[in-house]
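# Topology and contacts: notes
Here are the chains, one letter per residue:
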2 protein chains.
Amino acid sequence: MKIDIFNHFFPRSFFEKYIRVGERGRDMGKRVQHIPTIADLDARLRALDEFGDYVQVLSMPMPPLEVLGGPDRTPALAAEANDGLAELVETQDRFIAFAAALPMNNPDAAVRELVRALDELGAKGVQLHSNAAGRPLDAPEFQPIFDEIAKRDAVIWLHPSRDATFADYQTEERSLYEIWWTFGWPYETSVAMARLVFSGLFDRLPGI
Amino acid sequence: MKIDIFNHFFPRSFFEKYIRVGERGRDMGKRVQHIPTIADLDARLRALDEFGDYVQVLSMPMPPLEVLGGPDRTPALAAEANDGLAELVETQDRFIAFAAALPMNNPDAAVRELVRALDELGAKGVQLHSNAAGRPLDAPEFQPIFDEIAKRDAVIWLHPSRDATFADYQTEERSLYEIWWTFGWPYETSVAMARLVFSGLFDRLPGI
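Small disclaimer: the values here were computed from a predicted structure and weren't measured.

Basis of the calculations
Residues numbered from 1 in each chain as written. Chains lettered and ligands numbered in written order. Predicted model: local features only at pLDDT ≥ 70, side-chain atom pairs only at ≥ 80, totals over all residues. Heavy atoms only, no water. Helix = DSSP H or I, 4+ residues; strand = E, 2+ residues; numbered from the N terminus. Rg over C-alpha atoms; globule rule 2.2 N^0.38 Å. Buried < 20%, exposed > 50% of the residue type's maximum accessible area, 1.4 Å probe, protein only. Contact = heavy atoms within 4.5 Å. Lys, Arg positive; Asp, Glu negative; His and termini not counted. Charge placed at Lys NZ, Arg CZ, Asp CG, Glu CD. Pairing = 2+ DSSP bridges. Axes fitted to C-alpha atoms, helices over the stretch in contact; angles between N-to-C directions. Least-squares fit on C-alpha atoms with pLDDT ≥ 70 in both.

## Details of the overall build of chain A
If you tally the helices and strands in chain A, you get 10 helices and 5 strands. In terms of overall dimensions, chain A is globule-like: its C-alpha atoms have a radius of gyration of 17 Å, near the 17 Å expected for 208 residues. Taking the principal axes of its C-alpha atoms as reference, chain A extends roughly 45 × 40 × 35 Å. Looking at the 208 residues of chain A, the share that counts as buried comes to 54%. Within chain A, counting contacts between residues at least 6 apart in sequence, those at least 24 apart form 74% of the total. Between the mean site of the 22 positive side-chain charges and the mean site of the 32 negative ones, chain A shows a separation of 2 Å.

Structure representation (structure tokens):
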């Protein structure tokens, strides 16, 4: 059996309520809505049939939740997203696990949702983006989230996040030629990992 | 014989007049002054003696000239730098060629200095930095420089350039943990190349 551990899919209700009606963010967040297999379960399952003995671990597609709403709203969005992912795992043999989404612009609520997703919904870990509404993951407000992840031996899926507003040059406003993701995403992932390492996360929490 | 094509060295007079007295720019531009072999010819030649049948192609160390002065001043700085590099090549067997420095914040003067360095000083090409005072190399004002380089079949040495003001995150002012160069320099070099490709430089000047 092949286990594919990084696959994005919108629970149908989340897609209908938020994404289809226009809350898509920019750039990649806007583009994914047009991929048929990103929210259409039949289309996804048909696509998977080509690959035989193969299963997927699910996580939410772009955009990160904090692009869709402020800190008062993202806790509810996270709950809906995680409930939907959990239901997909429960009802579909092709989906064997999921990584929870967290409301990273509301760190207290993020810890609560993390605990709920792991304990009540059976999430195997969380998907974090390489920046949380522009903030680095080594910012102090996120440390309780990492503490909780380490305590529970949960897994982190680290997803690149930047959009075209990350200009290629300091004298420009926007990135050109898709550089923001083709080169920018691997770069930003490296930067996020370097920041976690050099800020001492792995010294403080060696098991993470 | 080994030919090492990318080696930085300050002509002594340039180093004494500008770098040692404090015109060093920031970050890497400030750091290189403390490397003994960067401007001390005896120290450099002694170091090279360890490597047997080995020669170097010279170019200027960081910072780029436009960090040292405005467009009224950099043409003279470039002339001094290139005269110094040409003299080193003429007088030292270990140095077989050099890449000229250009005053990129003064594109008209840059074309004139390019022609002078190639025709009168015997430069084999030019060192360009991945950004020119923040501007991308595919900006229209630099196109006459590329035209001239292509016309003369000269070579471009492309050097990464960013300093710590290229923050790791949009919510920060400065890059941490040396990320600006460890990851930032390879990233910026890739971005500069991608911009040159997708802006059509190699279609317009296929021989470059």
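## What to know about the sheet that holds strand β1 (residues 2–8) of chain B
Residues and elements named next belong to chain B. One open sheet holds the 5 strands; their spatial order is β1-β2-β3-β4-β5, and the pairing between them is parallel. Both outer strands of the open sheet, β1 and β5 (155–159), are each paired with one neighbouring strand and no more. Neighbour to neighbour, the strand axes of the sheet diverge by 30° on average, direction disregarded. Here β1 pairs with strand β2 (residues 54–59) via 5 bridges, running parallel. Bridge assignment links Asp-4 to a residue of β2, and that residue is Gln-56.

## Here's the deal with the relation of the copies chain A and chain B
Between chain A and chain B, the superposition needs a rotation of 180° and an axial shift of 0.0 Å, giving an RMSD of 0.0 Å. The transformation just described matches what one would write down for a two-fold rotation axis. Of the C-alpha atoms belonging to chain A, the one lying closest to the rotation axis is found on A:Tyr187, 3.3 Å away. When the interface residues of chain A are mapped onto chain B, 100% of them are again interface residues, pointing to one common binding face.

## Section: the pairing of strand β3 (residues 95–101) of chain A
All names here are of chain A. Of all 7 residues in β3, 6 are buried, a share of seventy percent or more. Looking at chain direction, strand β2 (residues 54–59) and β3 are connected through 3 bridges and run parallel. Paired with Val-57 across the bridge in β3 is Ala-97. Two elements, β3 and strand β4 (residues 125–129), share 3 bridges in a ladder whose sense is parallel.

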